[in-house]
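Breakdown of the fold
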Amino acid sequence: MKQKAISIFVCIVGIVLSLTSCKPSTPSDIIQPDDMEDILYDYHIAQGMAGLNQTDTITSRVYKLAVLKKHEVSEAEFDSSMVYYMRHTDSMHKIYESLADRLSKEAQAQGISIAQLGGTSSDDLNGDTASVWTGPKAFVLNRYSPFNMQSFALDCDTSYHKGDGIILSFQSSFIQQDGSRNGTVVLAVTFKNDSTAQQVVTVSSSSDYTLRIFDDNKLGLKSVRCLFMLGSGNSLGDVQSLTTLQMMVIYNVNLIRMHRSNYKSPSELGSSSDSVADKSNRPMPQTVPPGGMLPMGARPMPMK
């Protein structure tokens, strides 16, 4: 009886050890993670070049095919592998964590400063600045909820001063078979009087984007929120296969808190006219130019 109990115990231990030692691996017909990272690294550089030269979709496709040819991978293999990784978000996240680090190091090796990575001129960074982004530096969105959006929230502490500015910058790239590119990014700031201002940009190309909100009235900053969202890319009534690949990649994400040491609000400058007060309380909408950059001093739309 005792020997039987020992035998059963040994069998149970063996089963447990075998289960814990078996780690799920990437199927052999799928591009392996290290190889996929190398392909995506070249892919995003190629897409960046295409966006810089404002090339059309045909030329962008040529860039993509050139990358796949370099790595001796067919387009079908790449697309099916991307679908696999899209469904295994943990593996995709690890790939893009490493990829974001490589892209950032490459940018800095080419002499790009933190101001340029943040889409901000060195003249703007004339006060105390700090990077306050604590979320992932890179992530992938697909068109299936809840994986079609990524949000970030930050409560402002005593290191934030009246008159400070918040600058959100990022780079985008798309991987998709068809449909329109339909991404949206929102930067929202709540002030200490509980009023809220926001900037919204439509992301429709592989490019650099920058959104800015400044506390021009020196109300004080209470919280900051960021939202990244990918739309379906289809018109109403379109029928699309569930296997169609549509992904938006966001990387090199930076959120900068900038303190303008010499900035004076309109009230401090002695302006008390009704017209100035009206403009400061009810800002006019601003059109976001390509790249999402707003000029210094542009006032954001209030969030309803």
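This text follows the structure it describes.
What counts, and where the lines are drawn
- Residues numbered from 1 in each chain as written.
- Predicted model: local features only at pLDDT ≥ 70, side-chain atom pairs only at ≥ 80, totals over all residues.
- Heavy atoms only, no water.
- Helix = DSSP H or I, 4+ residues; strand = E, 2+ residues; numbered from the N terminus.
- Buried < 20%, exposed > 50% of the residue type's maximum accessible area, 1.4 Å probe, protein only.
- Contact = heavy atoms within 4.5 Å.
- Areas by Shrake-Rupley, 256 points an atom, 1.4 Å probe, with all protein chains shown as cover.
- Salt bridge = Lys/Arg side-chain N within 4 Å of Asp/Glu carboxyl O.
- Core = buried A, V, L, I, M, F, W, Y, C linked by side-chain atoms within 4.5 Å.
- Expected span 1.5 Å × (residues − 1).
- Pairing = 2+ DSSP bridges.
- Phe/Tyr/Trp six-rings, centres within 6.5 Å; stacked < 30°, edge-to-face > 60°.
- Polar contact = N/O pair within 3.5 Å; in protein donor to acceptor, adjacent residues only side chain to side chain.

**Section: the overall build of the protein**
Counting its secondary structure elements, the protein contains seven helices and 10 strands. Considering the protein as a whole, with its 304 residues, one finds that 40% of them fall into the buried category. In the protein, once contacts between residues fewer than 6 apart in sequence are set aside, the share between residues at least 24 apart is 77%. Working note: accessible area of the protein is about 17,100 Å², and carbon and sulfur atoms make up 55% of it.

**Brief notes about the pattern of salt bridges**
Here the structure, examined in full by the defined rule, presents seven salt bridges. Between Asp-42 and Lys-70 there is a salt bridge, and its shortest N-O distance comes to 2.9 Å. Note that Asp-42 is positioned in helix H2 (residues 33-52) and Lys-70 in helix H3 (residues 57-70), a separation of 28 residues in sequence. We classify Lys-70 as exposed; its relative accessible area is 58%. Connected through shared salt-bridge partners, Glu-37, Asp-38 and Arg-102 make up one network.

**Focus on the nonpolar core**
Ranked by size, the top nonpolar core spans 31 residues in total, and within it Leu-168, Phe-170, Leu-187, Phe-228 and Leu-255 carry the most contacts. Elements supplying a minimum of two residues to this core: strand S2 (139-142), strand S3 (149-155), strand S4 (165-176), strand S5 (183-191), strand S6 (196-203), strand S7 (208-214), strand S8 (221-230) and strand S9 (246-259). With five residues, the single largest contributor to this core is S8. Apart from the residues lying within four places of it in its own chain, the contact partners of Leu-187 are Ile-166, Leu-168, Ala-197, Gln-198, Gln-199, Leu-211, Arg-212, Ile-213, Val-224, Arg-225, Cys-226 and Leu-255. If you look at the next biggest cluster of nonpolar residues, it comprises 29 residues, including Met-82, Tyr-84, Ala-100 and Tyr-251.

**Let's talk about helix H4 (residues 75-87)**
When the terminal C-alpha atoms of H4 are compared, their 19 Å separation across 13 residues agrees well with the 18 Å that a helix rising 1.5 Å per residue should span. Those residues of H4 not exposed but buried are Phe-78, Asp-79, Ser-81, Met-82, Val-83, Tyr-84, Tyr-85 and Met-86.

**Here we look at the pairing of S6**
Pairing between S5 and S6: eight bridges, direction antiparallel. Directly across from Leu-187, in S6, lies its bridge partner Gln-199. Linking two consecutive strands that pair antiparallel, namely S5 and S6, is a turn of four residues; a positive phi of about 70° is found at Asp-194 within it.

**Looking at unusual backbone geometry**
The backbone of Asp-194 shows a phi angle near 70°, a positive value even though the residue is not glycine. The residue Asp-194 is located in the loop between S5 and S6 in this model. Despite not being glycine, Asn-252 shows a phi value in the positive range, around 50°. Relative to the helices and strands, Asn-252 is located in strand S9.

**A closer look at the packing of aromatic side chains**
Counting across every chain of the model gives seven aromatic pairs. Judged by centre distance (5.4 Å) and plane angle (15°), the ring pair of Phe-170 and Tyr-209 falls under stacked. Taken together, the residues span a long stretch of sequence, with Phe-170 in strand S4 and Tyr-209 in strand S7 at a distance of 39 residues. With a relative accessible area of 2%, Phe-170 lands in the buried category.

**Observations concerning the side chain of Asp-216**
Relative to the helices and strands, Asp-216 resides in the loop between S7 and S8. Here Arg-260 takes part through its side chain, which lies 3.2 Å from a polar atom of the side chain of Asp-216.

**Here we look at the environment of Asn-254**
Inspection of the secondary structure puts Asn-254 in strand S9. Residue Asn-254 is classed as buried on the basis of its relative accessible area, which comes to 9%. Separated by 122 residues in sequence, Asn-254 and Val-132 have C-alpha atoms that sit 7.9 Å apart. Engagement of the side chain of Asn-254 in a polar contact is seen with the side chain of Lys-137, the distance being 3.2 Å.

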